[in-house]
Amino acid sequence: AVGALRTGGEVDWAEVRTRTQKQLRTELPELLAYSCCFWPVAHSLNFAFVPLPLRIVFMSACSVGWGGYLSFCANRDRTRAS
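As a starting point, this report considers the structure included with it. (Residues numbered from 1 in each chain as written. Predicted model: local features only at pLDDT ≥ 70, side-chain atom pairs only at ≥ 80, totals over all residues. Heavy atoms only, no water.)

## Some remarks on the packing of aromatic side chains
Logical step 1: Scanning all chains against the criterion turns up five aromatic pairs.
Logical step 2: Consider the rings of phenylalanine 38 and tryptophan 39, whose centres lie 4.9 Å apart with planes at 80°: the pair is edge-to-face.
Logical step 3: Pairing tryptophan 39 with tryptophan 66 gives two aromatic rings, centres 6.4 Å apart and planes at 70°, and the pair type is edge-to-face. Linking tryptophan 39 in helix α2 (residues 13–49) with tryptophan 66 in helix α3 (residues 55–81), this pair joins segments that are 27 residues apart in sequence.
Logical step 4: Look at tryptophan 66 and you get buried, because its relative accessible area is 13%.
Logical step 5: An aromatic cluster is present here, built from Tyr34, Phe38, Trp39, Trp66 and Tyr69 joined pairwise through their rings. (Phe/Tyr/Trp six-rings, centres within 6.5 Å; stacked < 30°, edge-to-face > 60°. Helix = DSSP H or I, 4+ residues; strand = E, 2+ residues; numbered from the N terminus. Buried < 20%, exposed > 50% of the residue type's maximum accessible area, 1.4 Å probe, protein only.)

## Remarks on the environment of alanine 42
Logical step 1: One can find alanine 42 in helix α2.
Logical step 2: As for alanine 42 and phenylalanine 58, which are separated by 16 residues in sequence, their C-alpha atoms are 8.8 Å apart.
Logical step 3: The contacts of alanine 42, once residues within four sequence positions are left out, are Phe58, Met59 and Cys62. (Contact = heavy atoms within 4.5 Å.)

## Quick look at a nonpolar patch on the surface
Logical step 1: Together, Leu24, Leu28 and Leu32 make up a nonpolar patch on the protein surface, roughly 280 Å² of accessible area in all.
Logical step 2: Tracing the sequence through the fold places leucine 32 in helix α2. (Patch = residues over 30% accessible without salt bridge, like charges linked within 9 Å, V, L, I, M, F, W, Y side chains within 5 Å. Areas by Shrake-Rupley, 256 points an atom, 1.4 Å probe, with all protein chains shown as cover. Salt bridge = Lys/Arg side-chain N within 4 Å of Asp/Glu carboxyl O.)

## Examining the layout of surface pockets
Logical step 1: By volume, the largest pocket is sized at about 260 Å³.
Logical step 2: Along its surface, the largest pocket is lined by Arg19, Thr20, Lys22, Gln23, Thr26, Glu27, Cys73, Ala74, Asp77 and Arg78.
Logical step 3: Elements supplying a minimum of two residues to the lining of the largest pocket: α2 and α3.
Logical step 4: Here the lining of the largest pocket gets six residues from one element, more than from any other, and that element is α2.
Logical step 5: The residue inventory of the lining of the largest pocket, partitioned by class, reads two nonpolar, three polar and five charged. (1 Å grid on protein atoms, 1.4 Å probe; cavity = no way out; pocket = protein on both sides within 12 Å on 5 of 7 lines; lining within 4 Å. Points joined across faces, edges and corners; volume = space filled by probe spheres on them. Nonpolar A, V, L, I, M, F, W, Y, C, P; charged D, E, K, R; others polar.)

## Some points on the nonpolar core
Logical step 1: In this structure, Trp39, Ala42, Met59, Cys62 and Trp66 together form the largest nonpolar core, which totals five residues.
Logical step 2: Of all the elements in the fold, those that place two or more residues in this core are α2 and α3.
Logical step 3: Counting residues per element, this core draws most heavily on α3, which supplies three residues.
Logical step 4: The contacts of tryptophan 39, once residues within four sequence positions are left out, are Met59, Cys62, Ser63 and Trp66. (Core = buried A, V, L, I, M, F, W, Y, C linked by side-chain atoms within 4.5 Å.)

Interpretation note: all reported values are geometric properties and have no functional meaning in isolation.
What follows is the structure, given as structure tokens:
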């Protein structure tokens, strides 16, 4: 879809919707399980070991790392295909 938008071509939104629904069904349960493992540990480390002035910075770094992981998961099929 993004390639079609860049080149000015038509986007098949039904195909985009179908692909997104399939991706949600297959990947969401796994990502939620990983999220339930990652965030409690991150919060525990934050409150147990990180000094008060650095807690926001630590959790922001965790969020960036988690966002990177989500981006990797969302695009891993594209990286295998190329």
